[in-house]
Amino acid sequence: LSYGEVEFGGVRNIGEVAKQSDVKTIVFISADGVSSESVGDINRAKFKAEEAIRNSGIRYSILQASALYKDFELFQIPQVLRLGETDTWPFGPVEYHFSPLSHIDMARCLADAVENPAAGNKTIRMGGPDCLTWGEFLTMIAQQAGINAHYTKGISKETLIEAIRKNPGNRV
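Presented here is an overview of the structure given in this document. These numbers were taken from a predicted model, which means no experiment stands behind them. (Residues numbered from 1 in each chain as written. Predicted model: local features only at pLDDT ≥ 70, side-chain atom pairs only at ≥ 80, totals over all residues. Heavy atoms only, no water.)

Turning our attention to the overall build of the chain. Looking only at helices and strands, one finds 6 helices and 7 strands in the chain. If you list the helices and strands of the chain from N to C, you get α-β-α-β-α-β-β-α-β-β-α-β-α. Counting only C-alpha atoms, the chain reaches 55 × 35 × 25 Å along its principal axes. When the 172 residues of the chain are sorted by exposure, 35% land in the buried category. For the chain, the accessible area works out to roughly 10400 Å², and carbon and sulfur atoms hold 54% of it. For the chain, the centre of its 18 positive side-chain charges and the centre of its 21 negative side-chain charges are spaced 4 Å apart. (Helix = DSSP H or I, 4+ residues; strand = E, 2+ residues; numbered from the N terminus. Buried < 20%, exposed > 50% of the residue type's maximum accessible area, 1.4 Å probe, protein only. Areas by Shrake-Rupley, 256 points an atom, 1.4 Å probe, with all protein chains shown as cover. Lys, Arg positive; Asp, Glu negative; His and termini not counted. Charge placed at Lys NZ, Arg CZ, Asp CG, Glu CD.)

With respect to the helices and strands, the residue Leu83 is situated in helix α3 (residues 76–83). Those residues in contact with Leu83, other than ones at most four positions away along the chain, are Thr88, Trp89, Pro90, Phe91 and Tyr151. (Contact = heavy atoms within 4.5 Å.)

Where α3 meets helix α5 (residues 134–144), the axes come as close as 9 Å, and the angle between the chain directions of the two elements is 70°. Relative to α5, the element α3 is oriented roughly perpendicular. For the pair α3 and α5, the crossing hand works out as right-handed. Facing α3, whose interface residues are Gln76, Ile77 and Val80, α5 presents Trp134, Leu138, Ile141 and Ala142. Here the contact of α3 with α5 is composed, by residue class, of 6 nonpolar, 1 polar and no charged. (Axes fitted to C-alpha atoms, helices over the stretch in contact; angles between N-to-C directions. Parallel < 35°, antiparallel > 145°, perpendicular 65-115°, else oblique. Left-handed = near helix turned anticlockwise from the far one by under 90°. Nonpolar A, V, L, I, M, F, W, Y, C, P; charged D, E, K, R; others polar.)

What the rule picks out here adds up to 0 disulfides. Cys109 takes part in no disulfide bond, and the closest cysteine sulfur to it belongs to Cys131, at a distance of 18 Å. Looking at Cys109, the relative accessible area reads 31%, which means it is partly exposed. According to the relative accessible area criterion, Cys131 is exposed, its value standing at 51%. (Disulfide = S-S within 2.5 Å.)

Taken together, 3 strands build an open sheet; the order of strands is β1-β2-β5 and the sheet is parallel. Bordering the open sheet on either side are β1 (25–31) and β5 (122–126), each of which pairs with just one other strand. For this sheet the average axis-to-axis angle between neighbouring strands, irrespective of direction, equals 20°. Two strands pair when backbone bridges link them, and strand β2 (residues 59–65) and β5 are joined in this way by 5 bridges, in the parallel orientation. What sits directly across from Ile62, in β5, is Thr123. Of the strands in this sheet, β1, β2 and β5 touch helix α2 (residues 41–54), which is tilted by about 160° from β1. (Pairing = 2+ DSSP bridges.)

Let us now look at the nonpolar core. Counting 15 residues, the largest nonpolar core has Val80, Trp89, Phe98, Phe137, Leu138, Ala142 and Tyr151 as its most contacted members. Per-element accounting of this core gives the leading share, 4 residues, to α5. If we skip the residues at most four places from it in the chain, Trp89 touches Phe75, Gln76, Gln79, Val80, Leu83, Val94, Leu138, Tyr151, Lys153, Gly154 and Ile155. In terms of nonpolar packing, the next biggest core, distinct from the first, is built from 9 residues, Val11, Ala18, Ala49 and Ile58 among them. (Core = buried A, V, L, I, M, F, W, Y, C linked by side-chain atoms within 4.5 Å.)

Now the structure itself:
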């Protein structure tokens, strides 16, 4: 399935069923940076999903999360362990800032958004208390694992996109 089918199509279907079922509130987890200007497939699909929710006629809260700490165990942590001592992250740039959020805090925000009048019909950007670069975050993972790595170099978005285009479905 494509991002459009899941992120947009799935949300559109949920919105239709929600109307038929007299659902009072939709709470949607999106991503920080999603907008009409988004360029990546997933963020474009998330923007279309957000618009479908906003136009559904149902009270909504859209939570645009920077990143969730829990998500990193699926990709970043295994890759840092595999790469070992290095200064280069071969999966993208390292200078971007983000504010990772605990999955427990996200769950609390989701629950609160259902009942809190202040969250109604709003898009809320969310992040944790720390603002890190990807390089700082990856270095922190390495240090916690006892690996002497300092991620000061990455590859540009353009280089990453080109590598993916040349090798669709394969590891970059």
